[in-house]
Amino acid sequence: MVLLVIRTVSAITLLWDLADNKGYEFGNVFQMGYLPGKELSNPNLKWEQSATANFGVDFSFFNGRLNGTVEYYNTHTKDLLVKRSLNASLGYTTMLDNLGKTKSEWYRSFFKW
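Residues numbered from 1 in each chain as written. Predicted model: local features only at pLDDT ≥ 70, side-chain atom pairs only at ≥ 80, totals over all residues. Heavy atoms only, no water.

Undergrad: Tell me about the overall build of the chain, and please be specific about residues and values.
TA: Along its length, the chain carries zero helices and seven strands. What you see in the chain, going N to C, is helices and strands ordered as β-β-β-β-β-β-β. By residue count, 21% of the 113 residues in the chain fall in the buried class. Put simply, of all contacts in the chain between residues at least 6 apart along the chain, 54% involve residues at least 24 apart. Just so you have it, the chain exposes about 8,900 Å², and 57% of that area is on carbon and sulfur atoms. (Helix = DSSP H or I, 4+ residues; strand = E, 2+ residues; numbered from the N terminus. Buried < 20%, exposed > 50% of the residue type's maximum accessible area, 1.4 Å probe, protein only. Contact = heavy atoms within 4.5 Å. Areas by Shrake-Rupley, 256 points an atom, 1.4 Å probe, with all protein chains shown as cover.)

The following block contains the structure:
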């Protein structure tokens, strides 16, 4: 059995931590307002992308006296979201960016006599 899965998601812009909710008093009335947050928005953000492959073989020989499994798994993920530090003189201290990538790979085998 061979299974190959490739998954991608279209780009979006994430909008959290972009504004701080601030209350203030105007006369005798308490009002709610917003100030820019400490995180700079990034219009170039996109979803993380992963490609995965999983191959396996089950076998049995000698009328079921020898059997086993051999399996291989591999996944690559790119464009991981990372909160990047910025120079505070810009007025913002962080920004989400697509900077990371990972690779996971393993082999597994099982034999029974």
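Next comes the rest of the account.
Undergrad: Which residues make up a nonpolar patch on the surface, and what are the values?
TA: A cluster of nonpolar residues, V57, V70 and F111, forms a patch on the protein surface that exposes about 280 Å² of accessible area. With respect to the helices and strands, the residue V57 is situated in strand β5 (residues 49–61). (Patch = residues over 30% accessible without salt bridge, like charges linked within 9 Å, V, L, I, M, F, W, Y side chains within 5 Å. Salt bridge = Lys/Arg side-chain N within 4 Å of Asp/Glu carboxyl O.)

Undergrad: Describe the pairing of β5, and please don't skip the residues or the numbers.
TA: As judged from the 13 bridges shared by β5 and strand β6 (residues 66–85), these two strands associate in the antiparallel manner. Each residue of the ladder has a partner; that of N54, found in β6, is Y73. Hairpin connection of β5 to β6: four residues between the antiparallel strands, including F62 at a positive phi of 55 degrees. (Pairing = 2+ DSSP bridges.)

Undergrad: Describe the pairing of strand β7 (residues 94–112), listing the residues and the values that go with them.
TA: Examined bridge by bridge, strand β4 (residues 39–40) and β7 share two bridges and lie parallel to one another. When the sheet's bridge partners are listed, E39 is paired in β7 with T94.

Undergrad: Give a detailed account of the pattern of salt bridges, specifying residues and quantitative values.
TA: A side chain with one charge can pair with a side chain of the opposite charge if their charged atoms come near. By the definition in use, this model includes four salt bridges. One salt bridge connects K83 with E39, and the closest N-O pair in it is separated by 3.4 Å. Note that K83 is positioned in strand β6 and E39 in strand β4, a separation of 44 residues in sequence. Using a relative accessible area of 47% as the deciding quantity, one classes K83 as partly exposed. Residue class for E39 comes out buried when judged on its relative accessible area of 5%. For the salt bridge of R84 with D97, the shortest nitrogen-to-oxygen distance reads 3.3 Å. Of this pair, R84 sits in strand β6 while D97 sits in strand β7; the two residues are 13 residues apart in sequence, bridging distant segments of the chain.

Undergrad: Summarise unusual backbone geometry; cite the residues concerned and give the values.
TA: Located in the positive-phi region is N63, a residue other than glycine, with phi close to 60 degrees. Here N63 shows up in the loop between β5 and β6. Its identity is not glycine, yet D79 carries a phi of approximately 60 degrees, on the positive side. Looking at the secondary structure, you find D79 in strand β6. Residue D79 is classed as buried on the basis of its relative accessible area of 13%.

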